[in-house]
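Observations on the model geometry
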Amino acid sequence: MSDSPDTERPTEPTAGGPVQLHGRPAHRASGRTRRQLVGGLLVLGALAGGGAAAALLMGFLPNPTVAGDPRATGLDEPRDSGPLQVKVVGPKRDPNFRITIRRVAVIEPYFQAGLRARVSGVVRSVTKDIGDAVRAGEVLAEIDVPDLTQAVEQKDALIHQREKELAAARADLAVARSAADAAAVAVKFKAIEVTRARDLRTARKLELDQWAILFKGDAAVRARVDAATLEHQAADRAFEISEVDVEKARVEQAGKAASLEKSAADIELKQALVAVAQRDRDAALVQLGYTRLYAPFDGVVVARSTDPGRFVFGGASGSAEALVTVARTDLVTVVAKVPDSAAPFVSWDTEALVEFAQLPGVTVRGRITRYSHVIDPADQTMRVEVDVYNGTQAEYRAMLARSAAKGSIAPLIPLDTAAAVVAAGAGLIRSKAEHKGWHEGDALTPDWGRDGHYRRIVAGTTATVRLDLEKFGDSHLLPSGAVYGRAGQSYILVVENGVTRQVPVVVQMNDGRLVKVALVASSGGQQLLQELTGTEVVVATRQLEVGEGRRVAPVAEKW
């Protein structure tokens, strides 16, 4: 049988010899087999590289560039490639620079009050509905409380009784005064009788002496002497009696005086009882006054939660829901929350630009009206307010006229210079009673436009407030991108002698474009803040990629 490729079989391997396939040596395998082996190795390498890249992207492997490795310059950059070119900037001082911040603000009514029930009872009437205009002192709702009405009537009756008792006490005082006067007259009368008795006794004494001289043993004269002696003794007793009557009259006079003082004291008591009864009645009237809800100021009803016939609870255990809510909307307050970093730079000269989200094109410009001076610990912000007049030019002029007639100007910036001159010439002053809070700031007028068309600002909507803070002409500033953060700490990367150095800073102001920072320096174990000197060379970008301690070639960038 002849040999052919189809009949060839593999031979057994010999010791020390190559393995043969189909009669061919193993080391002479086909080119396709070698290419398959090489392709498999390339696939495995690609898979391994892709896995490493995926692990790097997903954070399982550290990226020295992103991690801020000071020695890292890039994945493919040689470490000994020389100084790295970086863009640098220097601090800038601009005497006209003013940092601005933008904050979302909420529109609030100038005044808003929710009127709640202070007594329990059935609602008798509600005179105003949502959207109705009201005047200060106008009755908005009334609660029927009959027992309070009866209490007032009872207090009035008690006052009437006390007044009658006072009148009786005054009459008793008049009687006591008359008795005291009569006692004084009786004392004088008794004193006169004493004098009369003294004179009569003296006369009887003279008469007795005369009869004694005439008596010389004459029996008839003797009898007359005895009679004169008895008359003299009687006159002497009458004198003693008159003296006792004087003492008695004086005692009676003292009693009448005491009665007079008692009557006067009784009048004071009755007057005090009348005053107590009146105050008791006034307290009942106050309670009765709680049955009516009055408008505290001119405004409009914005909410109503009750109807006639509804029973409402008042007092400390009453419902917290307001029966009627009144708001003043001819003036509105734009409220913005300024972060604590910007709060130190807010002042009465801070300018504001208000743009209303729901009213495109309507803007308000001017100084802020008031600010709280303190940081709210709940959100670390400070409240800043801008009052805005919410009406047309015609309504504004009418309001100025009404205020001038009342002798005070509403807390608004005059519409024009002429109005201001007229107000000043009339000696008008702004009234605190008409203004919100303690500060007499000015409300701003909106930009009405040439046609005077105005769409009212709705309280509860939002606006954007741009605040122009203090000027920083004496401070060095940097672009915001020159500051970067790591682990909650802010830094700048400065270049000193061609080498980068990371310097911790405190951001004092950042408006997204420019930043004011203070350098953090350590002295004696304490951290001190230092201003920029203006000579620093600061890396502007790629700070984490460049890293600290890297040799760089700074390239100055204008900003």
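Residues numbered from 1 in each chain as written. Predicted model: local features only at pLDDT ≥ 70, side-chain atom pairs only at ≥ 80, totals over all residues. Heavy atoms only, no water.

Here we take up the pairing of strand β4 (residues 98-115). One ladder, built from eight bridges, connects β4 with strand β18 (residues 462-471); its direction is antiparallel. Counted as the bridge partner of Thr 100 is Asp 468 from β18. Pairing of β4 with strand β11 (residues 324-339) involves 10 bridges; the strand directions are antiparallel. For Ala 113, the partnering residue across the bridge sits in β11 and is Val 326. (Pairing = 2+ DSSP bridges. Helix = DSSP H or I, 4+ residues; strand = E, 2+ residues; numbered from the N terminus.)

This part is about a nonpolar patch on the surface. On the surface, a cluster of nonpolar side chains totalling about 290 Å² of accessible area is made up of Val 122, Phe 311 and Phe 313. Position of Val 122 relative to the elements: it lies in strand β5 (residues 121-126). (Patch = residues over 30% accessible without salt bridge, like charges linked within 9 Å, V, L, I, M, F, W, Y side chains within 5 Å. Areas by Shrake-Rupley, 256 points an atom, 1.4 Å probe, with all protein chains shown as cover. Salt bridge = Lys/Arg side-chain N within 4 Å of Asp/Glu carboxyl O.)

Moving on to the sheet that holds strand β10 (residues 311-312). Here we have four strands laid out as an open sheet, ordered β8-β7-β5-β10, and antiparallel in their pairing. The sheet terminates laterally at β8 (292-294) and β10, the two strands that pair on one side only. Two strands pair when backbone bridges link them, and strand β7 (residues 139-144) and β8 are joined in this way by three bridges, in the antiparallel orientation. Residue pairing in the sheet places Val 139 in a bridge with Tyr 294 of β8.

Relative to the helices and strands, Thr 464 resides in strand β18. Residue Thr 464 is classed as partly exposed on the basis of its relative accessible area of 28%. With 360 residues separating them in the primary sequence, Thr 464 and Val 104 have C-alpha atoms 4.7 Å apart. Setting aside anything within four residues of it in sequence, one finds Thr 464 in contact with Arg 102, Arg 103, Leu 353, Val 354 and Glu 355. (Buried < 20%, exposed > 50% of the residue type's maximum accessible area, 1.4 Å probe, protein only. Contact = heavy atoms within 4.5 Å.)

One finds Val 334, Phe 356 and Leu 467 to be the most contacted residues of the largest nonpolar core, which totals 43 residues. Every element with two or more residues in this core is listed here: β4, β11, β12 (351-356), β15 (381-389), α4 (393-406) and β18. In this structure, Val 334 is in contact with Ala 105, Val 106, Ile 107, Val 354, Phe 356, Val 384, Glu 385, Val 386, Val 388 and Val 465, ignoring residues within four places of it in sequence. Leu 115, Ala 117, Val 145 and Val 324 belong to the second-largest nonpolar core, a separate cluster that totals 20 residues. (Core = buried A, V, L, I, M, F, W, Y, C linked by side-chain atoms within 4.5 Å.)

Position of Thr 325 relative to the elements: it lies in strand β11. Beyond its immediate stretch of four places on either side in the chain, Thr 325 contacts Gln 112, Ala 113, Gly 114, Val 300, Val 301, Val 302 and Ala 303.

Moving on, we get to the side chain of Glu 142. Among the structural elements, Glu 142 can be located in strand β7. With relative accessibility at 15%, the residue Glu 142 sits in the buried group. Non-local contacts of Glu 142, meaning those with residues more than four positions away in its chain, are made with Val 122, Val 123, Arg 124, Ser 125, Thr 291 and Arg 292.

Applying the stated criterion across every chain, the model contains six aromatic pairs. Joined through ring pairs, the aromatic side chains of Tyr 110, Phe 111 and Phe 297 make up one cluster. Across the ring face of Trp 559, the terminal group of Lys 92 is positioned such that the distance to the ring centre comes to 4.3 Å. We note Arg 118 situated over the ring of Tyr 290; from NZ or CZ to the ring centre the distance is 4.0 Å. (Phe/Tyr/Trp six-rings, centres within 6.5 Å; stacked < 30°, edge-to-face > 60°. Lys NZ or Arg CZ within 6 Å of the ring centre and 35° of its normal.)

Detailed reading of predicted coordinates is not advised where the pLDDT is low. Residues of the chain with pLDDT of at least 70 account for 75%, and the chain-wide mean is 77. Mean pLDDT across the elements of the chain ranges from a minimum in strand β1 (residues 20-21), with 34, to a maximum in strand β25 (residues 538-539), with 96. Below pLDDT 50 for its whole length, residues 1-38 participates in 11 contacts with residues either more than four positions away or in separate chains. Between residues 40-78, whose pLDDT stays under 50, and residues either more than four places distant or in other chains, the model counts 32 contacts. (pLDDT = per-residue confidence, 0-100.)

What follows is about the pattern of salt bridges. Following the criterion strictly, the structure yields 27 salt bridges and no others. Between Asp 144 and Arg 124 there is a salt bridge; the shortest N-O distance is 2.6 Å. One end of the pair, Asp 144, is in strand β7; the other, Arg 124, is in strand β5, with 20 residues separating them in the sequence. For Asp 144, a relative accessible area of 31% gives the class partly exposed. Exposure remark for Arg 124: the relative accessible area of 45% places this residue in the partly exposed category.

Moving on to the environment of Ala 342. With respect to the helices, strands and loops of the structure, Ala 342 is situated in the loop between β11 and β12. With relative accessibility at 1%, the residue Ala 342 sits in the buried group. Remark: the alpha-carbon pair of Ala 342 and Met 382, spanning 40 residues in sequence, is separated by 8.9 Å. Apart from residues lying up to four places away in sequence, Ala 342 is in contact with Ile 101, Leu 469 and Met 509.

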